[in-house]
Amino acid sequence: MVFLDAKKIKREYRLRRSLWGEKPNRFVSLIPGMISNGNVLDIGAGQGRNALYLARKGFKVTGVDISKAAIAELSARAKEENLRIKGVVADIVGYRIGGKYEAVICVAALHFVPKGKVAGILAHIKKHTAENGVNLLTAFTKKDIGYKEHPTLSFFDKEELAAFYRDWKIILCKDYTKKETHGAAHEHRLCVLIAQKRS
Ligand SMILES: C[S@@+](CC[C@H](N)C(=O)[O-])C[C@H]1O[C@@H](n2cnc3c(N)ncnc32)[C@H](O)[C@@H]1O
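These numbers were taken from a predicted model, which means no experiment stands behind them.

Student: Looking at this structure, I do not really get the site of the ligand. What am I missing?
Tutor: Around the ligand there are 20 residues in total, and G44, G46, I66, A109 and F112 lie nearest to it. Among the secondary structure elements, those contributing two or more residues to the shell around the ligand are α1 (6-15) and α3 (49-56). Residues that form the shell around the ligand fall into these classes: twelve nonpolar, five polar and three charged.

The following block contains the structure:
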């Protein structure tokens, strides 16, 4: 099954413990080399593979997701390991961030947001990032297998993401491919952007 439907993902979270695996996203593992400590906001955190990884590295993490089951799993795992993670059930659209974060990550979740809402969400995320803090975004590109079939989702070009960050230092901006093992084997085409807020 190719999961491009937030409702299907929600159902699947009730059945499977680590839907996206246990290992963190490959770009999230760069974060501890970029900032040494502080608060991280994980938007569209799912069951928390990235939030758990960062909390184990000593960060204080807030994980936000629209799925109650995913946040319940994330919070249970955090409790088991005594990690500093707060789980929040919320829709990214309209979610109001409190305070400032040294890093905000949004891994494979931005494409679920209606295109017209993306600019406002990213402006809000940028505003709530601390000076010298980083944002890490990954999202499906227009070369993805789902592009034609899913007109309600947002597909990006890497240049489009970079344009939102033209006033920040771009650390990484590139396309990549991810092989998926859930359901029938398939691969997704994504882009990643890591940018740092200038002081
Ligand atoms: C492909 S999963 C990625 C999960 C996690 N970031 C990871 O890398 O393991 C996308 C996540 O975005 C969440 N999501 C989709 N639409 C959302 C929305 N409007 N608000 C908050 N979360 C949303 C889904 O519930 C799902 O957990």
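Next, the rest of the story.
Student: Can you help me understand the pairing of strand β4 (residues 101-107) in this one?
Tutor: Counting buried positions along β4 gives seven out of seven residues, so the element sits mostly inside the fold. When strand β1 (residues 39-43) meets β4, the two strands line up parallel, connected through three bridges. Each residue of the ladder has a partner; that of V40, found in β4, is A103. Two strands pair when backbone bridges link them, and β4 and strand β5 (residues 129-140) are joined in this way by six bridges, in the parallel orientation. Within the sheet, the bridge partner assigned to C106 lies in β5 and is L137. One crossover worth recording links β4 to the parallel β5 by way of helix α5 (residues 115-127), and it is right-handed.

Student: What is the right way to look at the nonpolar core in this model?
Tutor: Nonpolar side chains in soluble globular proteins tend to be buried together. Within the largest apolar cluster, 52 residues are counted, with the highest numbers of intra-cluster contacts made by L54 and L136. With sequence-adjacent residues up to four places away left out, L54 is seen in contact with V28, I31, V40, F59 and V61.

Student: I'm lost on α3 in this one. Help?
Tutor: Since the α-helix advances by 3.6 residues per turn, residues separated by three or four positions end up pointing in the same direction. Within α3, seven of the eight residues are buried, which leaves it mostly tucked inside the rest of the structure. When α3 is considered as a whole, its buried residues turn out to be R49, N50, A51, L52, Y53, L54 and A55. On its buried face, α3 sits against α2 (31-34), β1, β2 (60-65), α4 (68-80), β3 (85-89) and β4. Just past α3, the residue G58 takes up positive phi, approximately 105°.

Student: Just checking my understanding: could you explain the sheet that holds β1 for this structure?
Tutor: Two strands in a sheet stick together by hydrogen bonds in their backbones, pointing the same way (parallel) or opposite ways (antiparallel). Taking strand neighbours across the sheet as the criterion, the seven strands line up as β3-β2-β1-β4-β5-β7-β6 in an open arrangement whose pairing is mixed. The outermost strands of the open sheet, each flanked by one partner alone, are β3 and β6 (169-180). If you compare each strand with its neighbour and ignore which way they point, the axes differ by 15° on average. Bridge count for β2 against β3 is five bridges, and the pairing is parallel. For V64, the partnering residue across the bridge sits in β3 and is V88.

Student: I'm lost on the environment of T138 in this one. Help?
Tutor: Its location among the elements puts T138 in strand β5. For T138, a count of 25 C-beta atoms within 10 Å translates into the label buried. For T138, the residues in contact, after removing those within four places along its chain, are N25, F27, V107, A108, L190 and V192.

Student: Can you walk me through the pairing of β5 in this structure?
Tutor: A regular strand carries its side chains on alternate faces of the sheet. Counted residue by residue, β5 has nine buried out of twelve residues, so it is predominantly covered. As defined by bridge partners, β5 adjoins strand β7 (residues 186-196) across seven bridges and the pair is classed as antiparallel. Following the sheet pairing, N135 is matched in β7 by A195.

The rules we used
- Residues numbered from 1 in each chain as written.
- Predicted model: local features only at pLDDT ≥ 70, side-chain atom pairs only at ≥ 80, totals over all residues.
- Near = placed C-beta within 6 Å.
- Helix = DSSP H or I, 4+ residues; strand = E, 2+ residues; numbered from the N terminus.
- Nonpolar A, V, L, I, M, F, W, Y, C, P; charged D, E, K, R; others polar.
- Buried ≥ 20, exposed ≤ 12 C-beta atoms within 10 Å, placed from the backbone.
- Pairing = 2+ DSSP bridges.
- Right-handed = clockwise from strand over helix to strand, strands pointing away.
- Core = buried A, V, L, I, M, F, W, Y, C linked by C-beta atoms within 7 Å.
- Contact = placed C-beta atoms within 7 Å.
- Axes fitted to C-alpha atoms, helices over the stretch in contact; angles between N-to-C directions.

Honestly, that's just the spatial picture; any functional story needs more than this.
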